[in-house]
Structure formats: C-alpha cells, structure tokens
Amino acid sequence: MTSPQLPPNAYTDAPQQHPNLILGSLQLLFWLVLRPLAWRNHLKRIDLDLKSDSSLIILLRRGRWRHLALWRLFIQGYLILPILANLLLGLVLWALREPIVNIAFRVAFGVAFGVAFGVAFGVAFGVAFGVAGGVVFGVAGGVAGGVVFGVAGGVVFGMVGCVAAQAVQIELDALRLQACRDIEAIREAHRSLVTGELESEVSPLLLILLIFSRSLVTGELESGVSPSPLLRIFSRISEDVDAALNQASAYNQRLLLRDVADKLNLQLENFAPSSNKYTVRFYPIIKSWREIVTNYADELAKISELRQEIDSPYIIGVPLTREQEIFTGRDDIGLRIEQLLRDRRRPPLLLYGQRRMGKTSLLNNIGKLLTNTIIPMFIDLQGAPSSASDHAGFLYNLAREMEKSAKKQGLTLPSLAREVLKSDPFTYFYEWLDEVEQALEQNTALLMLDEFEVLDNAIVKGRFDEQDVLGMLRHLIQHRPRFKILLAGSHTIAEYQRWASYLINVQVVHISYLKEAEARQLIERPVKDFTLRYEPNAVERVLQLTRCHPFLVQLLCAEIIVLKNEQDPSVRRLATLADAEAAIPEALQSGGFFFADIQNNQVDATGQAILRFIAAQGEGAVVSCESLLQQFPDAEITLKLLLQRELIEEVEDGYRFQVELIRRWFDGRN
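As the structure is a prediction and not an experimental result, all values here were calculated from the model.

Q: Describe the overall build of the protein chain, and please don't skip the residues or the numbers.
A: Secondary structure assignment for the protein chain yields 31 helices and 10 strands. Looking at the protein chain as a whole, 48% of its 670 residues qualify as buried. Long-range contacts, defined here as pairs at least 24 residues apart, represent 75% of the contacts in the protein chain between residues at least 6 apart. Here the protein chain has roughly 33000 Å² of accessible surface; of this, 55% comes from carbon and sulfur atoms.

Laid out in structure tokens, this is it:
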C-alpha cells in the first residue's frame, strides 16, 4: 500500500505549503498559532524582507505587488480564513437550531467584518500589527462579529448589529416587494411578510456592504425610525388583493381591486411629502403595485365585455363595506338603534342575530343609517384587541381601531402610544378618552364591539382580567355620556352571565331575515345597471328557498349568474324557474362552509339527529311535537335551542324548517 504523498520537508521547520488554497489556508493558521518558526520561514520564502511584524503596505509601495506568492498569502490570510471561520460558526449555530435567517446574517456579517478587520490591521495599521496581526484579527474579528451581532446586549457590536440586521431585513423586504411584477406575486407577498421569511437572490454580504457604504456617505444608519408600519401596509394590501381574487365573479374582483387601488393612491398621497428614508425607499414600490392592480382590474373589465358576461355583484363569505353598493335595507334596525342611543338612561345595546345574518355588514354600513352627529367606531374583536397578551396591548389595539374607524368618518382622534400604557394602562387609557371627548365636540361616539364572544374567551383563558376589562366598559356607560356601547354577536347576554352583571339593562336589537321587498331588490336590482332579469316565478322561488336570508339570497343568486354565463348569449340575460332550481346543488356545495358551521358548531348530536329527521319528511313538512318526543324522548331542551338558533319554527302543534336550503343540506339528498 502506498502512503499519501506529503509536501516536501513536511516535518521540518520550513515545510512546503499545500498547493490547495483551502488546505493551504488552514496550514497557515496552524503554523501561525502552533508552529511560529514554520510561519516565519514561510514568510521568508515569499520575500526575504517579509516578517511577522512587517506591514504589507510597505511591500506594496516597494513594487512587490506583482509577486504572486504575496497575493496568495493575502487571499488566504485575509479572505479565505475569515470565510472558513464563519462557516464553522454557521455549522455550530445550525447544530444549536438557530434560525437559518439569523445564521446567514451572522456568517455574512462575520465574513465582511473579518475581511475589513484583517485588511485594516494587516495593511492600513501594519506598522503596529503586521501580517500576523492582520490574519489573527481577520479570523478572530470575523468570528466575534458573527457571534456578537447575533447576541443581544453586545456593547458596540450589539448596537451596530441591531441596526445592520434591521437594515438588511428592510432591504430584503423591499427587494422582494419590488420584485412583485404581476397580480399573483402581490397576492402571495403577505405570506412571507407575516412569517419574516423573505428571501432574495441578492447576496447578504453584498447587501451589508451596500447598506454600510450608503450609510457612510449619507450618515443615515440609525434605528430611530421603524419600518414596521410600512410593512404592515404592504401586508394588508396583499391580503386585500388575495381576498379580491378569491371572489367567484369578475365583477367582485374588479370592485375589490379598485378599492385596493384607492388605498394605494391614499398611501401615495401620504408618502409624497415625506423625507423619511424608508418611505422614500418604498414609495416607488407602492406606485408600481397601484399600476399593476389598476391594469389588472381594467383587463378584467375588457374580458367581461368581450365575453358578454353578466357581472355578479354578490359578495360571498366576507362582510360588506361602506363602499359596496349592494348593501340593502335594514332601515328599521338603524331607526331602532338611533332611538335607543337617544335614551337618557344610556343603556348598552346588543345587536343579536344568527351567523351570516349580516351583523358585521350592518355595522360597516351603519353610518348610512344614523344621523351625522353619531360617529360609529367599529372594533372587530376577532382581530388585534382580543389577540393581545396583556391589558396594555388590548387597550392600545382598541385605541388604534377607534382611530382608524373615526378617520373613515372624517374625524381625526389623538394618537395613543403603546409605551405610555405599560406602567398603568387603564389610567392612561382614561386620560386618552378625555382627549377623544374633546375631539368629538358635540358628537357622540358609538363604540361597536363585534364578536364580543371572542373577548369573553380571552377572559376565560386568563389573558385579561374580567373586572378590569368589563369594568372599563361599565365605566364608559355610566360616566361618559359621549360614548355609547353596542355589542354584536350570535349569543345573548344571558348566555354570558359575567357580561350581564356589568352591562345592566342591555337592550337587544334583533337582526334576522330581510324584509321581502329588501330581498326582492337584492335579487332583481342589487346594483345599478344590473343586466340580468328574472321571470316572476323565478324570483318567488328564490324567496321560498332562502326565506330572505341575506347570505343565502346572495349565495343562490351568485350561482344563478354562474349558470347563466355558461348558457348561450341569446338566453343569458333572463333567469327562469328552471335556472333557480338548477342552481340549488351548486349553492349547497359552494356554501358548504355555512351549512357545515350550523351542523358542527351550532347544534349538538341530538340537534343534528332532530334536524335530519325533520328534513327527511320533505319540503315544507311539519313534524308534530308528539312524533318528535316519541323519536327523541329528551328533546325538549334541544328543541328550544333549535328555535333560538332560528333553524326551526313552531307551526300549530309541530315544527318545520325555517329555511328550505338549510333543510336540503340536512336532508342530504338535495
């Protein structure tokens, strides 16, 4: 067996360096640390004037820069070794399960820092440190930079590291957002913004050098301005685009996309006068996104026109906003709410109704139904407020939602900083309410808390204290006449006893089916210039199948439009009774989430069995109470619940389904 060939003089004090650049670099480090005599002899082999304490800059000035061995030493000592050291650091961090993004940044910064450090001390300051010092500082400084920049609390490195990390991430975010060249890329952008996993084809090392070189020239490397609000803007825009493209009809896609374009226009107006470096960086990206969204909406309009398709104005699965023309009726509920708001006893209100009855749509549009002296402030408790981890976060998010909602009504409220709330949240929140009252002047604020059950769940889980949060609402009702409280949910206050004890004398406003005239308008004239016409018996059938349930009317009519758009243009613009019947199976399928929610979340196993039993009897069938009790001996309590959920109704001495489409779902035979 032959032994591997070793470099000449391997075991002497003047060994030959390995020809491989990487192995030779490691050999240099070994000599420098453990065999100083071999290191010195290697330097003499390169140049007789070269010593450990020599300055490379002196040799370069003497014209030795043409010496290839000298350049090899320079590359190995000041470039390859810092890279190898930081790659080793990266492996250690990976073994410790450090996030890949953090590892990439630390390694990249360590390499850049090591190279700069090595060159600075080995070349620029070679008089004091020389070649050996440059190599040592290049390796040690690079590793230290990579480690320290990832550890909070580093004195100098930590401060610069935080700023650099933020700067790199901002630039990565900007590059990714800037790379969104079509509507599909925009709709997906929020997924990476939320998780912080933006990737870029640009080298992190190049980014760091770019950012630091920019900073040295402009002096703008500071951490005082946070880019987070900007990124939230892009994330929300992306989510809105995604929601728009998920709409079944091109009409609704265009409608929501134009709303997105309006939001982008507003952001451009806000950004234009700003000299902040972040807004300047992101301004052209917003401009590009607006152009992409607008062009796509225009293309949808052209395609729809060419195909002579019927535009569907129906919004399925999301609440209607103020901008959407399709919101219909509810004048009687608006009048009832306004009457109660004028009650001198200042009772809290509960807008109660089953899911998908249009509670949130009503709250979004309630400003159209009330006098302009009432300022609606909509708070979605499924969002940020109830997701907060403590009282300070809850009150801060509550204040932000109030500010945003008031701004839509043309009223600017004072801002409330999160930091202020940390020491004594409720005290400072009450002080902020004093400022809000001054801003209201003679107006009244209607604080609308949608999905109040979610806040109750947060209280049950112990994130919020019942007495503090509900006591705050009671304090608003009793001591601040400029504020009115309206809760909205699919449960009564009686089902949540803790609320009943704080919110005394709650007045219930029931929201249920549309009036027949309102439902007819939603079917026949949902928006201006609607191109589809209905035969009278087709309209009657839609009313029979839906019982004027607002969600189900939209669901069935949307499916009728889909069906008509597949037919020949000669019969496309007139909906018949046969069309209404043919759309039923598709509506049951596309609206499956609505029906499944009833089955799985609103009734128990006994309730499901009762509903299936009644459904099997056929359309409009009435099942006697006696028959039900024979089949289900303990059904009395369940029957009361089904009545409360508005799934069945009492007819003489029996029960039947209120809504035919819901019956068909439980029948399973469609």
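From this point, the narrative continues.
Q: Summarise helix α13 (residues 331–341); cite the residues concerned and give the values.
A: The complete set of buried residues in α13 reads Ile333, Gly334, Ile337, Glu338, Leu340 and Leu341. Burial along α13 is one-sided: seen end-on, the buried residues are contained in an arc of 165°. Turning to α13, the residues buried within the fold contact β1 (349–352), α14 (359–365), β2 (374–380), β3 (444–450), β4 (483–489) and β5 (507–510).

Q: Can you tell me about the packing of helix α28 (residues 605–615) against helix α30 (residues 636–644), naming the residues and giving the values?
A: Orientation of α28 relative to α30, taken along the N-to-C sense of each, is 75°, at an axis distance of 10 Å. Classified by the interaxial angle, the pair formed by α28 and α30 is roughly perpendicular. For the pair α28 and α30, contact is made by Thr606, Gly607, Ile610 and Leu611 and by Thr638, Leu639 and Leu642, respectively. Taken together, the residues of the contact of α28 with α30 break down into 4 nonpolar, 3 polar and no charged.

Q: Provide a residue-level description of a nonpolar patch on the surface, including the pertinent values.
A: A surface patch of nonpolar side chains, about 340 Å² in accessible area, is lined by Leu21, Ile22, Leu23 and Leu26. Structurally, the position occupied by Leu21 is in helix α1 (residues 21–34).

Q: An account of a positive patch on the surface is needed here, citing residue identities and associated values.
A: On the surface, Arg232, Arg236, Arg418 and Lys422 cluster together into a patch of positive charge. Looking at where Arg232 falls in the secondary structure, it is placed in helix α10 (residues 228–245). Given the relative accessible area of 38%, Arg232 is considered partly exposed.

Q: So what's going on with the sheet that holds strand β9 (residues 648–651)? Residues and values would help.
A: Spatial strand order, β8-β10-β9: 3 strands in an open sheet with antiparallel pairing. Edge positions in the open sheet fall to β8 (623–624) and β9, since each of these has one partner strand only. Both β8 and strand β10 (residues 654–657) contribute to a ladder of 2 bridges, which runs antiparallel. Across the sheet, Ser624 pairs through a bridge with Gly654, a residue of β10. The strands touched by α28 within the sheet are β8, β9 and β10, with β10 carrying the most contacts at an inclination of about 85°. Running at roughly 105° to β9, α30 makes contact with β9 and β10 of the sheet.

Q: Please give an account of unusual backbone geometry that cites residues and values.
A: Residues apart from glycine generally show negative phi values, whereas peptide bonds are mostly found in trans. Of note, Arg356 is a non-glycine position whose phi angle comes to about 70°, a positive value. When you line up the elements, Arg356 lands in the loop between β1 and α14.

Q: I'd like to hear about the packing of aromatic side chains, residue by residue, with values.
A: Each pair of aromatic rings is reported with the distance of its centres and the angle of its planes. Inspection of every chain in the model, using the stated rule, returns 11 aromatic pairs. Ring centres 5.7 Å apart and planes at 35° place the aromatic pair Phe429 and Trp432 in the tilted group. Linking Phe429 with Trp432, this pair stays in helix α18 (residues 425–440), spanning 3 residues, or about one helical turn. In this structure, Phe429 and Trp432 share a single accessibility class: buried. Relative to Trp499, the ring of Phe452 lies with its centre 5.1 Å away and its plane at 70°, an arrangement referred to as edge-to-face.

Q: Describe in detail the pairing of β2, supporting the description with residues and values.
A: Most of β2 sits inside the fold, with 6 of its 7 residues counted as buried. As paired elements, β2 and β3 share 7 bridges and run parallel to each other. The partner of Ile375 across the bridge, within β3, is Ala445.

Q: Got a sec to walk through the side chain of Asp667? Specific residues and values, please.
A: Topologically, Asp667 is positioned in helix α31 (residues 660–667). The exposure class assigned to Asp667 is buried, which follows from its relative accessible area of 18%. Residues contacting Asp667, with those up to four places away along its chain left out, are Ala615 and Ala616.

Q: Talk me through the sheet that holds β2; I want residue IDs and the actual numbers.
A: Judged by pairing direction, the sheet is parallel, and its 5 strands sit side by side in the order β2-β3-β4-β1-β5 without closing on themselves. Edge positions in the sheet fall to β2 and β5, since each of these pairs with one other strand and no more. For this sheet the average axis-to-axis angle between neighbouring strands, irrespective of direction, equals 25°. In this structure, β1 lies alongside β5, joined through 4 bridges in parallel fashion. In the sheet register, Leu349 faces β5, and the bridge partner there is Gln507. Contacts from helix α19 (residues 452–460) reach β1, β3 and β4 within the one sheet, and its direction differs from that of β4 by about 90°.

Q: Would you mind going over the nonpolar core in detail, with residue names and values included?
A: Counting 55 residues, the largest nonpolar core has Tyr534, Leu552, Ile560 and Ile662 as the members making the most contacts within it. Element by element, the count of residues in this core is highest for helix α24 (residues 550–565), at 9 residues.

Q: Break down the environment of Glu649 for me, with residues and values.
A: Its location among the elements puts Glu649 in strand β9. Look at Glu649 and you get buried, because its relative accessible area is 16%. In the structure, Glu649 is positioned 10 residues away from Val659 in sequence and 9.7 Å away in space, judged by C-alpha atoms. Discounting chain neighbours no more than four positions away, the residues touching Glu649 are Arg547, Leu643, Gly654, Tyr655, Arg656, Phe657 and Gln658. Side-chain polar atoms of Glu649 contact the side chain of Arg547, separated by 2.8 Å.

Q: Break down α18 for me, citing the residues and quoting the values.
A: Helix length check: α18, at 16 residues, gives a terminal C-alpha distance of 22 Å against a target of 22 Å (1.5 Å per residue), a fit within 8%. Every buried residue of α18 is listed here: Pro425, Phe426, Phe429, Trp432, Leu433, Val436, Glu437 and Leu440. Angularly, the buried residues of α18 cover 155° about the axis, an arc narrow enough to put them on a single face. Residues of α18 that are buried make contact with β2, α16 (391–408), α17 (418–421), β3, α20 (466–479) and β4. Phi for Glu441, located one or two positions after α18, is positive at around 55°.

Q: Let's hear about a negative patch on the surface: which residues, and what values?
A: On the surface, a cluster of negative charge is contributed by Glu626, Glu650, Glu652 and Asp653. Mapped onto the fold, Asp653 is located in the loop between β9 and β10. Assessed through its relative accessible area of 58%, Asp653 is described here as exposed.

What counts and what doesn't
Residues numbered from 1 in each chain as written. Predicted model: local features only at pLDDT ≥ 70, side-chain atom pairs only at ≥ 80, totals over all residues. Heavy atoms only, no water. Helix = DSSP H or I, 4+ residues; strand = E, 2+ residues; numbered from the N terminus. Buried < 20%, exposed > 50% of the residue type's maximum accessible area, 1.4 Å probe, protein only. Contact = heavy atoms within 4.5 Å. Areas by Shrake-Rupley, 256 points an atom, 1.4 Å probe, with all protein chains shown as cover. Arc of directions from axis to C-beta. Axes fitted to C-alpha atoms, helices over the stretch in contact; angles between N-to-C directions. Parallel < 35°, antiparallel > 145°, perpendicular 65-115°, else oblique. Nonpolar A, V, L, I, M, F, W, Y, C, P; charged D, E, K, R; others polar. Patch = residues over 30% accessible without salt bridge, like charges linked within 9 Å, V, L, I, M, F, W, Y side chains within 5 Å. Salt bridge = Lys/Arg side-chain N within 4 Å of Asp/Glu carboxyl O. Lys, Arg positive; Asp, Glu negative; His and termini not counted. Charge placed at Lys NZ, Arg CZ, Asp CG, Glu CD. Pairing = 2+ DSSP bridges. Phe/Tyr/Trp six-rings, centres within 6.5 Å; stacked < 30°, edge-to-face > 60°. Core = buried A, V, L, I, M, F, W, Y, C linked by side-chain atoms within 4.5 Å. Polar contact = N/O pair within 3.5 Å; in protein donor to acceptor, adjacent residues only side chain to side chain. Expected span 1.5 Å × (residues − 1).

In short, geometric facts, not functional conclusions.
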